[in-house]
Amino acid sequence: MLCQIAIFILPYLQARCRTDRSKIVALKKVLMENEKEGFPITALREIRILQLLNHDNIVNLIEICRQYSRHKTTFYLVFDFCEHDLAGLLSNINVKFSPGEIKKVMQQMCEGLFFIHTNKIIHRDMKAANILITKTGTLKLADFGLARAISINKAGQANRYTNRVVTLWYRPPELLLGERNYGPAVDMWGAGCIMAEMWTRSPIMQGNTDQHQLTLIAQLCGAISPEVWPNVESLDLFNRVEIPRGVKRRVKERLKPYVKDQYACDLIDKLLTLDPSKRIDADSSLNHDFFWTDPMPCSLERMLSTHGQSMFEYLAPTRRGGRPMQAQPLPQHPRHTHNEGYQDRVF
C-alpha cells in the first residue's frame, strides 16, 4: 500500500523528477532483498498494469526512479500523492459522510472497477486501505501489487490462478473454498464489504483464519450450499472445512440498524452474493437505483476541506479482529502529526 510500505512524502526534486519541483509525490519502494538477480517479476507486472490504466479513479504512476547508495541500487515507483485513504477517514469519528458523499465514494469506486474489468484486469486486493482519496474528493484505486490480467485460454481450459490473494476480511467465499478459476467477481465482493463499511465504520467480517472467515460469511450471507450456489461442492475445500449449515441469509437484517437507505441495502446484498456467477458486476452496480435516487452523489471536497490533516490507516489505531500492524515511521509533515478523534467500532 502506498502509505505503509516504505513510503516517504518528498518534494518532486528529491525524487529526481524533471518537472514541477514543488509537487508532493508518493514513493513506493520496490523490495529487492529476496531477489538474487534481476528485477522482481511482481513489480514488473504492477508497473505494466499501471502503465496500461489511465483513468481518473486509478492511481497515477508518474515514473520509476532509482537511487544509488554503497554499490546498491534502490528503485521507487513515483505516484501522484493522495491526502487520505478510506480506512483512515472511516477510523476518524470526526469525519462525517453524508448520504450523497457515500454515493460519490461508491460511484467512483465502481467507475474504477468498471474500467479495469473492461480492460481485463482484476485488482485482487480490494479493501478500504487501498482506496485513496485526494483533498478534492477524487477517489483512486491503489496498490496493484496483486493485480493481474485475465487470461483467455484456448480450448476452454480453466485458469489456475493463485487463491491466496485479497486481504482475509475482504476475501470472497470462492477463494476461501479453493477456487482458482475466478474473475472480476472477486473484486465486487470486496466492493460490497467496503460499501457496508461506509456505514458501520469498521470491517464487517473480521475473521482470524480462513475457517473463521467462512463462518462469519455464512452467518451473514446464509449457508453455502448447492441450492444457492450450484456446483459449489466441486470446489477443492468445500468438503474439507466446516461450514455452518441451515443458517439464513441476514445481510439486510444485519445492516438495517446502520443503513437506512433501502437501495443501499439492496446493492450491498447483491454485491455480497455467495455465487460469484450471480454477483452484481461494476456496470450493473453503476446502473443501480442507489445512484439514481435522491440524494444524488455529491462532491467530497467541501467536507474534506474542514479537516486539516491527512488520514491513513497506518496512522489510526489498530483495528480489532486482526493482527496489530507493525509500527511505521511517520512522514515528517505537519499534517500527519496527530490522530485526534479516532474511534474503533466493530460491526
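Residues numbered from 1 in each chain as written. Predicted model: local features only at pLDDT ≥ 70, side-chain atom pairs only at ≥ 80, totals over all residues. Heavy atoms only, no water.

Engineer: Let's hear about the overall build of the protein: which residues, and what values?
Structural biologist: For the protein, the helix and strand inventory stands at 10 helices and 9 strands. Sequence separation of 24 or more characterises 69% of the internal contacts of the protein that already satisfy a separation of 6 or more. About 17,100 Å² of surface is accessible on the protein, with carbon and sulfur atoms providing 49% of the total. (Helix = DSSP H or I, 4+ residues; strand = E, 2+ residues; numbered from the N terminus. Contact = heavy atoms within 4.5 Å. Areas by Shrake-Rupley, 256 points an atom, 1.4 Å probe, with all protein chains shown as cover.)

Engineer: Report on the nonpolar core, specifying residues and quantitative values.
Structural biologist: Ranked by internal contacts, the top residues of the largest apolar core, which has 94 residues, are Leu86, Phe97, Met109, Leu141 and Phe144. Ranked by the residues each element gives to this core, the list is headed by helix H5 (residues 185–200), at 10 residues. With residues near it in sequence (within four places) discarded, Phe97 still touches Leu86, Leu89, Leu90, Ile102, Val105, Met198, Arg201, Leu300 and Met303. Within the second largest apolar cluster, 5 residues are counted, among which are Val25, Leu27, Cys65 and Tyr76. (Core = buried A, V, L, I, M, F, W, Y, C linked by side-chain atoms within 4.5 Å. Buried < 20%, exposed > 50% of the residue type's maximum accessible area, 1.4 Å probe, protein only.)

Engineer: Explain the pairing of strand E4 (residues 72–80) to me, and be specific about the residues and the numbers.
Structural biologist: Pairing geometry for strand E2 (residues 24–29) and E4, over 5 bridges, is antiparallel. Each residue of the ladder has a partner; that of Val25, found in E4, is Asp80. Sheet topology note: the strand E3 (residues 61–69)/E4 ladder contains 8 bridges and is antiparallel. Residue pairing in the sheet places Glu63 in a bridge with Val78 of E4. (Pairing = 2+ DSSP bridges.)

Engineer: Got a sec to walk through the packing of aromatic side chains? Specific residues and values, please.
Structural biologist: Counting across every chain of the model gives 6 aromatic pairs. Summarising the aromatic geometry, the rings of Phe81 and Phe312 are spaced 6.4 Å apart at their centres and angled 55 degrees between planes, so their arrangement reads as tilted. In this pair, Phe81 sits in the loop between E4 and strand E5 (84–85) while Phe312 sits in the segment after helix H10 (301–304), placing the two residues 231 residues apart along the sequence. Taken as a pair, Phe81 and Phe312 share a single burial class, namely buried. In this structure an aromatic cluster arises from ring pairing among Phe81, Phe312 and Tyr314. (Phe/Tyr/Trp six-rings, centres within 6.5 Å; stacked < 30°, edge-to-face > 60°.)

Engineer: I'd love a proper account of the packing of helix H3 (residues 99–118) against H5, names of residues and values included.
Structural biologist: Packing of H3 against H5 leaves a shortest axis separation of 11 Å and a crossing angle of 170 degrees. As far as their axial angle goes, H5 and H3 are roughly antiparallel. The residues of H5 that touch H3, namely those facing Ile102, Val105, Met106, Met109, Leu113, Ile116 and His117, are Asp187, Met188, Ala191, Ile194, Met195, Met198 and Trp199. (Axes fitted to C-alpha atoms, helices over the stretch in contact; angles between N-to-C directions. Parallel < 35°, antiparallel > 145°, perpendicular 65-115°, else oblique.)

Engineer: Provide a residue-level description of the environment of Glu83, including the pertinent values.
Structural biologist: Within the secondary structure, Glu83 is located in the loop between E4 and E5. In sequence terms Glu83 and Thr136 are 53 residues apart; their C-alpha atoms lie 9.2 Å from each other. Of the polar contacts made by the side chain of Glu83, one reaches the backbone nitrogen of Lys135; its length is 2.8 Å. (Polar contact = N/O pair within 3.5 Å; in protein donor to acceptor, adjacent residues only side chain to side chain.)

Engineer: Requested: an account of the pattern of salt bridges, with residues and values cited.
Structural biologist: In a structure, side chains of opposite charge can pair up when their charged atoms sit close to one another. One pass over the structure, following the stated rule, counts 11 salt bridges. We note a salt bridge from Lys28 to Glu46, for which the minimum N-O separation is 3.0 Å. You can see Lys28 sitting in strand E2 and its partner Glu46 sitting in helix H1 (residues 41–52), a full 18 residues away along the chain. Here Glu46 falls in the buried class, since its relative accessible area comes to 6%. The residue Arg250 makes a salt bridge to Glu253 at a minimum N-O spacing of 3.4 Å. Shared partners join several salt bridges into a network, and the residues in it are Lys28, Glu46 and Asp143. (Salt bridge = Lys/Arg side-chain N within 4 Å of Asp/Glu carboxyl O.)

Engineer: Hey, could you go over unusual backbone geometry for me, with residue numbers and the actual values?
Structural biologist: At the junction of Asp294 and Pro295, the peptide bond is cis and its omega measures out at -5 degrees in the coordinates. By secondary structure assignment, the location of Pro295 is in the loop between helix H9 (282–286) and H10. Even without glycine at this site, Arg201 takes up a positive phi of about 70 degrees. Residue placement: Arg201 occurs in the loop between H5 and helix H6 (210–221). A relative accessible area of 12% means that Arg201 is categorised as buried.

Engineer: Give a detailed account of the sheet that holds E5, specifying residues and quantitative values.
Structural biologist: In space, the 3 strands of this open sheet follow the order E5-E7-E8, with antiparallel pairing throughout. If you trace the sheet from one side to the other, it starts and ends with E5 and strand E8 (139–141), each paired once. Bridge count for strand E7 (residues 131–133) against E8 is 3 bridges, and the pairing is antiparallel. Bridge pairing in E8 places Ile131 opposite Leu141. On the sheet, H3 packs against E7 and E8 and is oriented at approximately 35 degrees with respect to E8.

Engineer: Describe H1, and please don't skip the residues or the numbers.
Structural biologist: The end-to-end C-alpha separation of H1 is 17 Å, in line with the 16 Å expected for 12 residues at 1.5 Å each. Elements that come into contact with the buried residues of H1 comprise E2, E3, E4, strand E6 (121–122) and strand E9 (148–149). (Expected span 1.5 Å × (residues − 1).)

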